[in-house]
Amino acid sequence: KTKAYQVQLAASRSSERARNEWSRLRRNNLDLVGDLKLTVVRVDLGKEKGVFFRLRVGPLPNVNEARQLCSALKKRRVGCLVVRPGK
């Protein structure tokens, strides 16, 4: 659990794929995410959906900065969502 806001950029079936996706996203959006740290969160969604690895970047000091990053990424067709502290 984090104490800061993060932005989730993707979810993959393997941590390796999540890291590969991060490399690609970071390369294409270095001006926006270059200074942020990657966190890969393993989540088990049960028998039907299975395990996912959520690719999150941060820390971001507040919800407004997280939203600004997300909206800048969305303009580049990168899906994302804001993750509140402790999630």
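Computed from a predicted model, the values in this text were never measured in an experiment. (Residues numbered from 1 in each chain as written. Predicted model: local features only at pLDDT ≥ 70, side-chain atom pairs only at ≥ 80, totals over all residues. Heavy atoms only, no water.)

A. Summary view of the side chain of Asn29. Take Asn29: it is sitting in the loop between helix H1 (15-28) and helix H2 (30-33). On the basis of relative accessible area, Asn29 is assigned to the buried category, the value being 4%. Discounting chain neighbours no more than four positions away, the residues touching Asn29 are Gly34, Leu73, Arg76 and Val78. (Helix = DSSP H or I, 4+ residues; strand = E, 2+ residues; numbered from the N terminus. Buried < 20%, exposed > 50% of the residue type's maximum accessible area, 1.4 Å probe, protein only. Contact = heavy atoms within 4.5 Å.)

B. The arrangement of H1 in detail. Along its 14 residues, H1 runs 20 Å from first to last C-alpha, staying within 8% of the 20 Å computed at 1.5 Å per residue. Ala18, Trp22 and Leu25 are the residues of H1 that are buried. The arc enclosing the buried residues of H1, seen along the axis, measures out at 75°, which places them on a common side. Residues of H1 that are exposed and point over 90 degrees away from its buried face: Glu16 and Arg27. Tucked into the core, H1 has its buried residues touching strand S1 (5-12), H2, strand S2 (37-44) and strand S3 (51-60). (Expected span 1.5 Å × (residues − 1). Arc of directions from axis to C-beta.)

C. Fine view of the sheet that holds S1. Spatially, S2-S3-S1-S4 is the arrangement adopted by the four strands of the open sheet, whose pairing is antiparallel. On the outer flanks of this sheet lie S2 and strand S4 (81-83), each paired with one strand and no other. Taking each pair of neighbouring strands and ignoring which way they run, the sheet shows an average axis angle of 40°. For S1 and S4, the ladder comprises three bridges, and the chain directions are antiparallel. Bridging from a neighbouring strand, Gln8 pairs with Leu81 of S4. In the packing of H1 onto the sheet, contacts are made with S1, S2 and S3, and the angle to S3 comes to roughly 40°. Across the sheet, helix H4 (residues 63-75) is in contact with S1, S3 and S4; its angle to S1 comes to roughly 40°. (Pairing = 2+ DSSP bridges. Axes fitted to C-alpha atoms, helices over the stretch in contact; angles between N-to-C directions.)

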